[in-house]
Amino acid sequence: MRKRLTAALFSLGFMGSAMAASDAIDIPFTRFTLANGLTAIVHEDHKAPVVAVSIWYHVGSADEPTGKTGFAHLFEHLMFSGSEHHKGTFMEPFEQVGATDLNGTTWFDRTNYFETVPTTALDMALWMESDRMGHLLGAIGQHELDTQRGVVQNEKREGENQPYGRVDENILANAFPANHPYRHDTIGSMADLDAASLADVKQWFHDYYGAANTTIVLAGDITPTAAREKLEKYFGDIAAGPPVPRQQAWVAQRDTSTRGEQKDHVAQTRIIREWNVAQLGHADEPLLELAADALGGGKTSRLYQRLVYADKLVDRVSVEVQPFSLASQFVLTADIKPGVDPAKVEAAIAEEWARFLKDGPSADELARSRMASRAGFIRGLEKVGGFSGKATVLAESQVYRGDPAAYKIDLERIQNATPEQVRDAAARWIAKGDYTLTVLPAADGEDLEFGAPKGLPASADKPAAKLPAAGEFKTVASSLDRKSGVPEVKTFPALSFPAIQRGKLKNGIDVVLAERHTIPVVQMQLLFDAGFASDRGRTLGTSSFAMTMLDEGTQTLDSVEIARRSEMLGAQIGAGSGLDSSSASLNALKSQLPASLDLFADVVRNPAFRMADIERIRGQWLAAIAQEKTQPGSIALRILPPLLYGGNHAYGIPFTGTGTEASIKSLGAEDLRAFHRDYIRPDNVQILVAGDTTLAEITAELDRVFGNWDAAEMPIPKKSVADVDAQKSARVFLIDRPDSPQTLILTGALAPSTRTPNNLDIQTMNDVFGGNFTSRLNMNLREDKRWAYGASSFLQDAIGQRPFITYASVQTDKSAESVHEILKESRAIIGTRPVTDEELARAKAQSIRALPGSFETTRSVLGVLVGNALYTRADDYVTTLKAKYEAQTDADIEAAAKQIIQPDALTWVIVGDLKKIEQPLRALKLGEVSVLDADGKTVP
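No experiment lies behind these values; they were computed from the predicted model shown. (Residues numbered from 1 in each chain as written. Predicted model: local features only at pLDDT ≥ 70, side-chain atom pairs only at ≥ 80, totals over all residues. Heavy atoms only, no water.)

(A) View of the overall build of the protein chain. Looking only at helices and strands, the protein chain features 31 helices and 25 strands. Radius of gyration (C-alpha) of the protein chain: 28 Å, near the 30 Å computed for a compact globule of 940 residues. Relative to its 940 residues, the protein chain shows a buried fraction of 60%. Of the contacts formed within the protein chain by residues at least 6 apart in sequence, a portion of 83% connects residues at least 24 apart. Within the structure as shown, the protein chain displays about 34,400 Å² of accessible surface, and the carbon and sulfur contribution to it stands at 50%. Side chains of the protein chain give 100 positive and 122 negative charges; the mean places of these two sets differ by 1 Å. (Helix = DSSP H or I, 4+ residues; strand = E, 2+ residues; numbered from the N terminus. Rg over C-alpha atoms; globule rule 2.2 N^0.38 Å. Buried < 20%, exposed > 50% of the residue type's maximum accessible area, 1.4 Å probe, protein only. Contact = heavy atoms within 4.5 Å. Areas by Shrake-Rupley, 256 points an atom, 1.4 Å probe, with all protein chains shown as cover. Lys, Arg positive; Asp, Glu negative; His and termini not counted. Charge placed at Lys NZ, Arg CZ, Asp CG, Glu CD.)

(B) Seen up close, the pairing of strand S10 (residues 270-277). The buried fraction of S10 amounts to eight of the eight residues, a majority that puts the element mostly inside the structure. Residue alternation in S10 divides its side chains into two sets, Arg270, Ile272, Glu274 and Asn276 and Ile271, Arg273, Trp275 and Val277, and both sets are buried. Where S10 meets strand S12 (residues 328-336), eight bridges bridge the pair, whose relative direction is antiparallel. By the bridge assignment for S12, Arg270 is matched with Asp335. The sheet contact formed by S10 and strand S13 (residues 434-441) spans six bridges and is antiparallel. Within the sheet, the bridge partner assigned to Ile271 lies in S13 and is Thr438. (Pairing = 2+ DSSP bridges.)

(C) Seen up close, the packing of aromatic side chains. Overall, the coordinates contain 30 aromatic pairs when judged by the stated rule. Arranged with centres 4.9 Å apart and planes meeting at 75 degrees, the rings of Trp107 and Phe324 form a pair that is edge-to-face. Within this pair, whereas Trp107 is found in the loop between strand S6 (100-106) and strand S7 (111-118), its partner Phe324 is found in the loop between strand S11 (314-322) and S12, the two being separated by 217 residues in sequence. The buried category is assigned to Trp107, whose relative accessible area is 11%. Classification of Phe324 as buried rests on a relative accessible area of 4%. Pairwise contacts between aromatic rings join Tyr57, Phe75, Phe80, Phe90, Phe94, Tyr113, Phe205 and Tyr209 into one cluster. (Phe/Tyr/Trp six-rings, centres within 6.5 Å; stacked < 30°, edge-to-face > 60°.)

(D) Focus on helix H24 (residues 759-771). For H24, with 13 residues, the first-to-last C-alpha span of 14 Å runs short of the 18 Å given by 1.5 Å per residue. Buried residues dominate H24, accounting for eleven of its 13 residues. (Expected span 1.5 Å × (residues − 1).)

(E) The arrangement of the sheet that holds S6 in detail. Spatial ordering of the open sheet is given by S1-S2-S8-S3-S7-S6, a layout of six strands whose pairing is mixed. Sheet topology places strand S1 (30-33) and S6 at the edges, where each strand pairs with a single neighbour. Looking at each pair of strands side by side, their axes are set apart by 15 degrees on average, direction ignored. In terms of strand pairing, strand S3 (residues 50-57) meets strand S8 (residues 214-220) through seven bridges, oriented antiparallel. (Axes fitted to C-alpha atoms, helices over the stretch in contact; angles between N-to-C directions.)

(F) Main features of the side chain of Gln811. On the secondary structure map, Gln811 appears in strand S23 (residues 802-811). In this structure the side chain of Gln811 is engaged in a polar contact, spanning 2.9 Å, whose partner is the side chain of Asn154. In this view, Gln811 contacts Asn154, Arg157, Pro741, Gln742, Arg786 and Trp787; residues no more than four positions away in its chain are not counted. (Polar contact = N/O pair within 3.5 Å; in protein donor to acceptor, adjacent residues only side chain to side chain.)

(G) Representation of the sheet that holds strand S16 (residues 521-528) in the model. Read across the open sheet, the six strands follow the order S14-S15-S19-S16-S18-S17; overall the sheet is mixed. Looking at which strands have only one partner, the edges of the open sheet turn out to be strand S14 (500-504) and strand S17 (572-577). Strand-to-strand twist across the sheet, computed as the mean angle between neighbouring axes with direction ignored, equals 15 degrees. In this sheet, strand S15 (residues 510-515) lies alongside S14 in antiparallel orientation, the contact comprising five bridges. Residue Ile500 lies in a different strand from S15, and its bridge partner there is Ala514. Running over the sheet, helix H18 (residues 593-605) touches S16, S17 and strand S18 (582-589) and is turned about 160 degrees from S18.

(H) Here's a closer look at empty space enclosed by the protein. Tallied over the entire structure, the rule returns five cavities of 30 Å³ or more. Put simply, the largest cavity is a space of about 70 Å³. In this structure, the largest cavity is lined by Glu95, Asp767, Val768, Asn772, Thr774, Ser775, Arg776, Glu839, Arg842 and Ala843. Counting only elements with at least two residues in the lining of the largest cavity, the list comes to H24 and helix H27 (837-854). With three residues, the top contributor of residues to the lining of the largest cavity is H27. Here the lining of the largest cavity is composed, by residue class, of two nonpolar, three polar and five charged. (1 Å grid on protein atoms, 1.4 Å probe; cavity = no way out; pocket = protein on both sides within 12 Å on 5 of 7 lines; lining within 4 Å. Points joined across faces, edges and corners; volume = space filled by probe spheres on them. Nonpolar A, V, L, I, M, F, W, Y, C, P; charged D, E, K, R; others polar.)

(I) Summary view of the nonpolar core. If you look at the biggest cluster of nonpolar residues, it comprises 56 residues, and the most contacted ones within it are Phe75, Phe94, Tyr209, Leu218, Leu231 and Phe235. At seven residues, the largest contribution of residues to this core is made by helix H3 (residues 122-134). Beyond its immediate stretch of four places on either side in the chain, Tyr209 contacts Tyr57, Val59, Phe75, Met79, Thr111, Tyr113, Met133 and Trp204. Core analysis: the next-biggest nonpolar cluster, separate from the first, contains 52 residues, Trp250, Val319, Ile349 and Phe356 among them. (Core = buried A, V, L, I, M, F, W, Y, C linked by side-chain atoms within 4.5 Å.)

(J) Here's a closer look at the pattern of salt bridges. Enumeration over the complete set of coordinates arrives at 64 salt bridges. A salt bridge links Arg802 to Asp797, with the shortest nitrogen-to-oxygen separation between them at 3.6 Å. One salt-bridge network, held together by shared partners, links Asp45, Lys47, Asp101, Lys383, Lys390 and Glu856. (Salt bridge = Lys/Arg side-chain N within 4 Å of Asp/Glu carboxyl O.)

(K) The arrangement of the environment of Val511 in detail. Note on placement: Val511 falls in strand S15. Residues in contact with Val511, not counting those within four places in the same chain, are Gln501, Arg502, Gly503, Leu505, Ile687, Val689 and Leu702.

(L) Region of the structure containing the side chain of Thr39. Structurally, Thr39 can be placed in strand S2 (residues 39-44). If near-sequence neighbours (up to four positions away) are discounted, Thr39 is found in contact with Arg31, Phe32, Thr33, Thr214, Thr215, Ile216 and Gln398.

(M) Inspection of the packing of helix H1 (residues 71-78) against helix H4 (residues 142-160) at higher detail. Across the interface, H1 lies against H4 with an axial gap of 9 Å and an inter-helix angle of 120 degrees. On the basis of the axis angle, H1 is oblique to H4. Two packed elements cross with a definite hand, and for H1 against H4 that hand is right-handed. Here His73, Leu74, His77 and Leu78 of H1 come into contact with H4, specifically with Glu144, Leu145, Gln148, Arg149, Val151, Val152 and Glu155. Across the contact of H1 with H4, the residue classes tally to five nonpolar, three polar and three charged. (Parallel < 35°, antiparallel > 145°, perpendicular 65-115°, else oblique. Left-handed = near helix turned anticlockwise from the far one by under 90°.)

(N) Broad picture of unusual backbone geometry. The phi dihedral of Thr872 falls on the positive side, at around 50 degrees, and the residue is not glycine. You can see Thr872 is positioned in the loop between helix H28 (858-870) and helix H29 (881-886).

(O) Representation of the packing of helix H9 (residues 285-296) against helix H15 (residues 419-429) within the structure. Orientation of H9 relative to H15, taken along the N-to-C sense of each, is 95 degrees, at an axis distance of 9 Å. Judged by the angle between their axes, H9 and H15 are roughly perpendicular. Across the interface between the two elements, Leu287, Leu288, Leu290 and Ala291 from H9 touch Gln421, Val422, Ala425, Ala426 and Trp429 from H15. Its residues assigned to classes, the contact of H9 with H15 comprises eight nonpolar, one polar and no charged.

(P) Representation of the environment of Ile745 in the model. Considering the arrangement of structural elements, one finds Ile745 in strand S21 (residues 742-751). Of the residues examined, Ile745 reaches a relative accessible area of 0% and is grouped as buried. Here the alpha-carbon distance between Ile745 and Ile716, two residues 29 residues apart in the chain, equals 40 Å. Those residues in contact with Ile745 that sit more than four places away from it in its chain are Thr806, Tyr807, Ala808, Val810, Ser815, Ser818, Val819, Ile822, Trp908, Val909 and Ile910.

(Q) Quick peek at helix H11 (residues 342-359). Counted at 1.5 Å a residue, the expected span for H11 with its 18 residues is 26 Å, and the 26 Å between its end C-alpha atoms agrees. Inspection of H11 places Val345, Glu346, Ala348, Ile349, Glu352, Trp353 and Phe356 among the buried residues, and these make up the whole buried set. One side of H11 carries all its buried residues, which in axial view fall inside an arc of 160 degrees. In H11, the exposed residues that point more than 90 degrees away from the buried face are Lys344 and Lys358. The first or second residue beyond H11 is Gly360, which carries a positive phi of 75 degrees. (Arc of directions from axis to C-beta.)

Spelled out as structure tokens, the structure:
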């Protein structure tokens, strides 16, 4: 629904001599304006044959009048319903050309639509975008409005069904005066959504969706000359639209502090404190980003050090700035340990706050913030589009600040910031005037408190809106024949994928490299044959817990020093486990690679597993498990695996990887050392690398830090992933979650290993059934019935039998009906309505044509290396996919469907308000019905 750029994009700085010339930041662009006032920005990036199209309309929920909250977002959904010259879903033509990063979002100040398409499909994309921009209203009737209203209302229910899901609504209502544009949440109220009329829709389109209120960014394999020609062709005849009043900055800074309480289905008490602070573009805003980072930006921050490490009062604490056009929000969030008095937490926060306001950040804190956030920005430059690529940076700078290069102003402000300037900015904005919300766990059977907050801010004088200067806009006569329909895309670019190279370290470790010189970054993953499957015979959760502990301390460094050094280097170090493997990863700037590798190797080879660190992480881990048991999706993913595999199977543990409370409480240092000794070793690893390096360079560097790593004398323990007999009949497991506005429906069944020869056929079948937007499940429950925000199916990759899962979160009063529809679609695809020629052709085309844009980032290339290693694929696997897809037949897909989908032998896990859904579900007579608690135990 709502997205914004990460704070990193606006809190960057320079490290002087520590930075290399290759780490320079720039997004070159050409800007021009069409005769009708449309602003166009073009950025050339020819590394891949794709173009990102990003269209920003300068209208958001801040422009909604009283009684029409949620209207901007509802209209965003309507824009995907089709246009006058293209009936039907907007998504279908884009799926056919293999578009990636296709979506739309709404927030306070803007509505944007974006997609990344093959270069040869750019005309199609611009035709589609211009047709709905200039020719929408004839395609929008009551049916389309009712459909998208239902989808949006289910999106709202889905958000509210999550733990802390109504916090934002409470915060906004207490943060801003009654007549402030930001006082209501973007998704709006149910009553206002119900009241939206077709006349309202048409007026909104007329008022805000003119060319002069629009910015289009084209980034990628395009030149400014070609871009101008295409934009004039497709958009030049669209009317400018009426002048749009511009909201003026209105921070509504408060002088007094207020408080509120809220109860919810949550596992922990959470404290949120919010200050209204300087808007995006204000000179103080990037300084406040630095203040937030010093106060609560991670392990090295002051509040984390005090509240987590020293006083042990909370499991997590963070501080961030959420920047917007009219005002920004400075937000502190702390999850309190069970049994701790919130007042004690607040007192400790107040002490650290006062100390910071008195002294400001240290020079070291500023240096680390600059480096870490700058590195994050560099990584973001690799994508041309999507939620946060280069097109988004340019569009946001233009729309909010009138200059595509405005992001550089913030870079310079950060570069030149002094501790005194940050301290003074903090004193101006966060010394007083906050709203504190305490979210408390509701007792069993207790009514949840989600009503109107107390003590609402009164109305205040609102800055007058300002009309833009009058423009001499005109449309251009067009010879474009829209009645002929969407332009046909006849050719598609070929996939370009880096050659995979192989080497060995002097101790025999295999090194696999894919060179990618697009940005000065090197990524690597040490892949160990371990994972959840190695927990069999051990305590559940051992592999995940042990890997998480790697960067919590080495023999010579504690966890804080590891974090501090990572920040100084701009490096990202992580570790974790999946079903079949455990891994440690490094994402490093090329200029900082040697020092980053030194730290990384120490983390991997020499973990300390100190008891103090174990106890700290154990507390956070147990809190995470408790939180999982309050979130519908996590509840289901914890309970489903033992039901599918049995409690003694290697995969029969929560798919979240967190284990159980009992298992985590029993883990000791020796358990972790034993796992590390058994599995994290040089004779059980492959080193996979992608990025800005060569085989000779990286092998030499890796030899330096890993080449002298000697294997243990003892053999690697054998893992056992046993086959499970096919389920004979359907089973239904219900989990009660009182007051849930939606019901989560999950089905599970076992499919063959990802290594199975017909894996690609299974994937294509799944695309048709539930894997794509236009899949049968989604079109049924979302677009046709409007009972869900979305419905899907997916396969979790695994070396052993893998789970095939369908997922839908539906409105409570349609729970049984939705189960019936899922079952109907499952039976139809293997019976009366097998995959059609048209569906197969569409799924194959989407998969083939998406290949050139699927490996735009180094991370995606590295993912191929990981998949090849785990599932024994040849180095040329990706480059052979096109031919394999083209060879698929109806018979192949039909056989895959009958192999995977077993409607009468499904395991159903359904989470919802049982007093409302249990009897209708039992009446379906799907199979034996059991009621479980959140631990998976039978409820009498």
